[in-house]
Amino acid sequence: MQFEQSPQDVLARLDELREADAPTSGGRLLSYVYDSGIAELDDLAGAAARKAQPLNGLDPTTFPSVAALERDLVALARSVLADGVDGVVGSVTSGGTESCMLAVKSARDTWRAVTGREDRPTLVIGSTAHAAFIKAAHYLDLRLRVLPVDPDTCRLRPDDVAAALDDSVALVVASTPSYPHGALDPITEIAEVCAAQGVPVHVDGCIGAWVLPWWPGADTRPLWDLRVPGVASLSVDLHKYGYAPKGVSVLLYRDRDRHRRQWFATSAWPGYAVVNPTMLGSRTVMPIAAGWAVSKALGGNGFDELTGRIARSAAHLRAVIDDIDGLRIVGDPVGPLLAVATDTSIPEDRRVDPHRWADAARELGWVLQPQPGRTQSDGTVLPRTTHLTLTPVTEAVADDLATAVTKAADAVRGVPGAVAPEDFIAAADHIRPEDLTSENCAAVLTLAGLDPTAGLGGSMADLLALIEALPEPVAERLLIEFLARFME
Ligand SMILES: *Cc1c(COP(=O)(O)O)cnc(C)c1O
């Protein structure tokens, strides 16, 4: 076979393209990637994925290895997250979003089956629940009820949940922990008030459920997994703290019938029988094999050791940030996620805006994740923050990270945060939905000084200020336009 381009050239081009990426290993990117810091483990994941490369997860009866890998992963998750609970079953999905969406689909269809109603049930979430649940309500056509969280602890309050329950509620979601602030919702109390009304709870452990079982002090904290009565389902992503490449998550259910309502089957076409546990048809087994291999190799002791590294880094970094004048850690996070906000208890000239801080850290080669401030439905405000996801590799760079975040704060102390231009926001208030065409949106982005073809460059502060200030539908449409034009 004569290739048009040699494999070496093709791969060289890929290397070249990859050079523009944020650094995926080495600990300087504190979101998106979960770096164990162990090259041998990455090699193992790659080798396992390679072996699964030709498989199609569409049909585990033709490829029984797929069933075996998934069965092993579900069994492992069950042993860690449902110890001693009978009858727990589950599926392997392509990621956290799919796990969350399927948990909602199962709850919707269970609600319909049980009530005999065909209208839209309600999905109750806290304002800090992952956006995947907003997406689920959108795709699956549920009414969404977003409860404010306690603005100090960023935790969902059981009393608020209790007050939100009625016969339209198909599911309540709580997080262990939430992505934005790393706050642990009080699962036992929430599950108790829900159980009293017969409403199921989904525990979103996408990010936390594969570290919290090994986090120091785990035995002394209240239960939050499937051992809690009233918790109907739980999601955990192996492509986060399971150190697998992207594309693998586990979704567990207490009850077989709930699990089965996640599935889709149809015999109403002339082709092969379609029986899908998850959303995709043909699907990759590569990340599943990789996640399986990594978890087999590490075992409980391996996860314990890696989690210990993260916990030490988290304690160290918290102490460093506590010492930085002008910044504060939001709430009392337990686990690998930190959100940092301005310390507003001190005079303005000593305050540090978290987005300016992230921009300054970026200049020093560290990529932190700015998050917008938000006013909740009860009028309380969740301040703008910058998020850090810590991983085992963080420990190896802890001192450099401490120096960088301290220097970054020194560089922007007293500099006010970005605000969206007033005339721009006033004009945006008059934008009608039919004005939000691709062309108009592109013009608005240019007006705002944002050039999609250039990407975001170094500064996120201005974009985040716009997101905070614009009406949601306008902000959302502009974000779509920005990214779509960037991709084009
Ligand atoms: C990451 C995450 C999700 C969504 O997961 P994806 O894998 O990005 O689709 C859901 N919930 C929480 C708490 C998460 O951290």
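Rules of the game
Residues numbered from 1 in each chain as written. Predicted model: local features only at pLDDT ≥ 70, side-chain atom pairs only at ≥ 80, totals over all residues. Heavy atoms only, no water. Near = heavy atom within 4 Å. Polar contact = N/O pair within 3.5 Å; in protein donor to acceptor, adjacent residues only side chain to side chain. Areas by Shrake-Rupley, 256 points an atom, 1.4 Å probe, with all protein chains shown as cover. Nonpolar A, V, L, I, M, F, W, Y, C, P; charged D, E, K, R; others polar. Pairing = 2+ DSSP bridges. Helix = DSSP H or I, 4+ residues; strand = E, 2+ residues; numbered from the N terminus. Axes fitted to C-alpha atoms, helices over the stretch in contact; angles between N-to-C directions. Parallel < 35°, antiparallel > 145°, perpendicular 65-115°, else oblique. Left-handed = near helix turned anticlockwise from the far one by under 90°. Contact = heavy atoms within 4.5 Å. Buried < 20%, exposed > 50% of the residue type's maximum accessible area, 1.4 Å probe, protein only. Phe/Tyr/Trp six-rings, centres within 6.5 Å; stacked < 30°, edge-to-face > 60°. Disulfide = S-S within 2.5 Å. Domains from an automatic or database assignment. Right-handed = clockwise from strand over helix to strand, strands pointing away.

Some thoughts on the site of the ligand
In step 1: The ligand sits among 13 residues. The nearest are Gly96, Thr97, Asp204, His239 and Lys240.
In step 2: The backbone of glycine 96 places a nitrogen or oxygen atom 2.9 Å from an oxygen atom of the ligand.
In step 3: Side-chain polar atom of lysine 240 to an oxygen atom of the ligand: 3.0 Å apart, as the coordinates give it.
In step 4: Protein coverage of the free-state accessible area of the ligand, which is 380 Å², stands at 85%.
In step 5: Taken together, the residues that form the shell around the ligand break down as 5 nonpolar, 5 polar and 3 charged.

Quick look at the sheet that holds strand E2 (residues 122–126)
In step 1: In spatial order, the strands read E1-E7-E6-E5-E4-E2-E3; together these 7 strands make up an open sheet with mixed pairing. Two strands in the sheet have a free side with no partner beyond their single neighbour: strand E1 (89–93) and strand E3 (143–147). Each strand of the sheet is rotated relative to its neighbour by a mean of 20°, with strand direction disregarded.
In step 2: Sheet topology note: the strand E5 (residues 201–204)/strand E6 (residues 231–237) ladder contains 4 bridges and is parallel.

Concerning the packing of helix H2 (residues 39–52) against helix H9 (residues 286–322)
In step 1: At a minimum axis distance of 5 Å, the contact between H2 and H9 shows a crossing angle of 150°. Accordingly, the angle class assigned to the pair H2 and H9 is roughly antiparallel. Every pair of crossing elements has a handedness; the one defined by H2 and H9 is right-handed. Facing Leu41, Leu44, Ala45, Ala48, Ala49, Arg50 and Ala52 of H2, the residues of H9 in contact are Met286, Ala289, Ala290, Ala293, Val294, Ala297, Leu298 and Leu306.
In step 2: The residue makeup of the contact of H2 with H9, split by class, is 14 nonpolar, no polar and 1 charged.

A word on the environment of valine 89
In step 1: For valine 89, the position within the fold is in strand E1.
In step 2: You can call valine 89 buried: its relative accessible area is 11%.
In step 3: It is 30 Å that separates the C-alpha atoms of valine 89 and leucine 147, two residues lying 58 residues apart in sequence.

Structural notes on the side chain of arginine 283
In step 1: The topology assignment puts arginine 283 in the loop between strand E9 (274–276) and H9.
In step 2: Take arginine 283: its relative accessible area is 12%, and that puts it in the buried class.
In step 3: For arginine 283, the side chain forms a polar contact with the side chain of glutamate 70, separated by 3.0 Å.
In step 4: With sequence-adjacent residues up to four places away left out, arginine 283 is seen in contact with Leu55, Asn56, Gly57, Leu58, Glu70, Val92, Pro277, Thr278 and Ile288.

Some details on the packing of aromatic side chains
For any pair of aromatic rings, the description consists of the separation of the ring centres together with the inter-plane angle of the planes.
In step 1: Counting across every chain of the model gives 7 aromatic pairs.
In step 2: For the ring pair tryptophan 210 and tryptophan 214, a centre distance of 5.5 Å and an interplane angle of 80° mean the geometry is edge-to-face.
In step 3: The exposure class assigned to tryptophan 210 is buried, which follows from its relative accessible area of 2%.
In step 4: Note on tyrosine 243 and phenylalanine 303: the rings are 6.2 Å apart at their centroids and 15° apart in plane angle, and the pair reads as stacked. On the criterion of sequence distance, the pair formed by tyrosine 243 in the loop between E6 and strand E7 (249–253) and phenylalanine 303 in helix H9 is long-range, its members being 60 residues apart. There is no split in this pair, since tyrosine 243 and phenylalanine 303 are both buried.
In step 5: Here the aromatic cluster, defined as three or more aromatic residues joined through ring pairs, consists of Tyr34, Trp210, Trp214, Tyr241, Tyr243 and Phe303.

Here's the deal with the state of the cysteines
In step 1: The full count for this structure, using the stated rule, is 0 disulfides.
In step 2: In this model cysteine 154 remains outside any disulfide bridge; the closest cysteine sulfur is found in cysteine 100, 19 Å from its own.
In step 3: Taking relative accessible area as the criterion, cysteine 154 reaches 1% and is therefore assigned buried.
In step 4: Summary of cysteine pairing: cysteine 194 is not part of a disulfide, and the nearest cysteine sulfur, belonging to cysteine 100, is at 17 Å.
In step 5: You can call cysteine 194 buried: its relative accessible area is 0%.

Focus: the domain arrangement of the protein chain
In step 1: The domain architecture assigned to the protein chain consists of domain 1 (49–294) and domain 2 (422–487).
In step 2: Here domain 1 and domain 2 have C-alpha centroids that lie 33 Å from each other.

Considerations on the sheet that holds strand E15 (residues 385–389)
In step 1: Taken together, 4 strands build an open sheet; the order of strands is E10-E11-E15-E12 and the sheet is antiparallel. Two strands bound the open sheet, and with one partner strand each, they are strand E10 (327–329) and strand E12 (369–371). Within this sheet the neighbouring strands show an average axis-to-axis angle of 30°, counted without direction.
In step 2: As defined by bridge partners, strand E11 (residues 337–342) adjoins E15 across 4 bridges and the pair is classed as antiparallel. Paired with leucine 338 across the two strands is leucine 388, which belongs to E15.

Section: the environment of proline 333
In step 1: Here proline 333 lies in the loop between E10 and E11.
In step 2: Residue proline 333 is classed as buried on the basis of its relative accessible area, which comes to 7%.
In step 3: Dropping the residues within four chain positions of it, proline 333 is found in contact with His181, Gly182, Arg318 and Leu338.

Points about the pairing of strand E4 (residues 169–175)
In step 1: Across the 7 residues of E4, 7 count as buried, placing the element largely inside the fold.
In step 2: Note that E2 and E4 share 3 bridges and pair parallel. The residue of E4 that forms the bridge with valine 124 is valine 172.
In step 3: For E4 and E5, the ladder comprises 4 bridges, and the chain directions are parallel. Each bridged residue has a counterpart across the sheet, and for serine 175 the counterpart in E5 is aspartate 204.
In step 4: Taking the sense of rotation as the criterion, the β-α-β connection linking E4, helix H7 (residues 187–197) and E5 turns out right-handed.

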